[in-house]
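# Notes for the structure review
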Amino acid sequence: MRIILMGPPGAGKGTQAKVIAERLSVPAVSTGDIFRANVSAETELGLEAKRYMDAGDYVPDEVTNAMVRDRIAEDDAAQGFLLDGYPRTVAQVAELDAMLADAGQSLDAVVVLTVDKEEVVQRLLKRAQDEGRSDDTEDVMRHRQDVYTEQTAPLIEVYDERGLLVEVDGMGAVDDVTARVFDALEKTNGAPAS
Ligand code: AMP
């Protein structure tokens, strides 16, 4: 299966992505994790990405697209993958379409986790505390939400029009959300939702 997992910052995407991908036996490809690994390793990519991440902005599309193209061309992604945090812009959607077309592949579903805004902010504050993430100061946190609303939320309609959208309530316990995701995916049965 080839799945995209979407949701605002703090919706619990990363946690869900790992659990869902494991159950589907596909790799979870998190652009945020790849960027963070590069920042830690102080690679050239990491140094470039860090400026944007710390400000709560998106890393430029060319950088992100090239990284994803390389990652999903790896052997472990041949049978499928779960994309966590990509695509995030309309231009990235077009680029992903091109990557998949080149490989003769297509998407099965786009899962969007919907959450209460206040819970999102609470989750982000907690995560910033727990992980000491430098991209999670309060101002940056608000900015990241705005960037999501402006640049990423429009993708929901794009994928809905393609019949790929699966909206799932992302509130509550991790296990409950995972169960909802699988229920919703089973209902779509690989076929267009709605
Ligand atoms: P995440 O862990 O998914 O919230 O990503 C952390 C940060 O990495 C984001 O705030 C962006 O700065 C950057 N990032 C992750 N994915 C993308 C993407 N698809 N496009 C641009 N920037 C991204």
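Residues numbered from 1 in each chain as written. Predicted model: local features only at pLDDT ≥ 70, side-chain atom pairs only at ≥ 80, totals over all residues. Heavy atoms only, no water.

Per an unreviewed UniProt entry, the protein chain carries the name Adenylate kinase and comes from Nocardioides panacis. Entered under Sequence similarities (unreviewed entry) in the UniProt record, the comment concerning the protein chain runs "Belongs to the adenylate kinase family." In its Pathway (unreviewed entry) section, the UniProt record describing the protein chain reads: "Purine metabolism; AMP biosynthesis via salvage pathway; AMP from ADP: step 1/1." (UniProt positions renumbered as here; feature names shortened; annotations may be inferred.)

For the rest of this paragraph, the subject is the side chain of Gln16. Along the polypeptide, Gln16 turns up in helix H1 (residues 13-24). The class of Gln16 is buried, set by a relative accessible area of 3%. Beyond its immediate stretch of four places on either side in the chain, Gln16 contacts Leu5, Leu113, Val174, Val177 and Thr178. (Helix = DSSP H or I, 4+ residues; strand = E, 2+ residues; numbered from the N terminus. Buried < 20%, exposed > 50% of the residue type's maximum accessible area, 1.4 Å probe, protein only. Contact = heavy atoms within 4.5 Å.)

With that out of the way, let us pick up helix H6 (residues 117-131). With 15 residues, H6 ought to run about 21 Å at 1.5 Å a step, and its terminal C-alpha atoms sit 21 Å apart, in line with that. Turning to H6, its buried residues number three or more, namely Val120, Leu124 and Ala128. Along H6, the residues classed as buried sweep out an arc of 70 degrees about the axis, all on the same side. Away from its buried face, by an angle of more than 90 degrees, H6 presents the exposed residues Lys126, Gln129 and Asp130. Where H6 is buried, its residues contact helix H7 (138-152). Following H6 by one or two positions, Gly132 has its phi on the positive side, about 60 degrees. (Expected span 1.5 Å × (residues − 1). Arc of directions from axis to C-beta.)

Mapped onto this numbering, the UniProt entry gives "binding site: ATP" (unreviewed entry) at Gly10, Ala11, Gly12, Lys13, Gly14, Thr15, Arg127 and Gly172. Of the annotated residues named above, the ones that line the largest cavity are Lys13. For Thr15, a relative accessible area of 44% gives the class partly exposed. One can find Arg127 in helix H6. With a relative accessible area of 25%, Arg127 lands in the partly exposed category. (1 Å grid on protein atoms, 1.4 Å probe; cavity = no way out; pocket = protein on both sides within 12 Å on 5 of 7 lines; lining within 4 Å.)

The feature "binding site: AMP" (unreviewed entry), as given by UniProt, occupies Thr31, Arg36, Asp57, Tyr58, Val59, Gly85, Tyr86, Pro87, Arg88, Gln92, Arg133 and Arg144 in the numbering adopted here. Among the residues just listed, Gly85, Tyr86, Pro87 and Arg88 line the largest cavity. Looking at Arg36, the relative accessible area reads 30%, which means it is partly exposed. Under the relative-accessibility criterion, Arg88 is labelled partly exposed at 21%. From its side chain, Arg88 meets the backbone oxygen of Gly85 in a polar contact 3.0 Å long. (Polar contact = N/O pair within 3.5 Å; in protein donor to acceptor, adjacent residues only side chain to side chain.)

We now examine H7. Here H7 is 15 residues long and its end C-alpha atoms lie 20 Å apart, about the 21 Å a rise of 1.5 Å per residue gives. Three or more residues of H7 are buried, namely Val140, Met141, Arg144, Gln145, Val147, Tyr148 and Thr152. Considered in projection along H7, the buried side chains sweep an arc of 160 degrees and stay on one side of the axis. Exposed side chains of H7 directed beyond 90 degrees from the buried face belong to Asp139, Arg142, Thr149 and Glu150. Where H7 is buried, its residues meet strand E1 (2-6), helix H3 (44-55), H6 and helix H8 (154-161).

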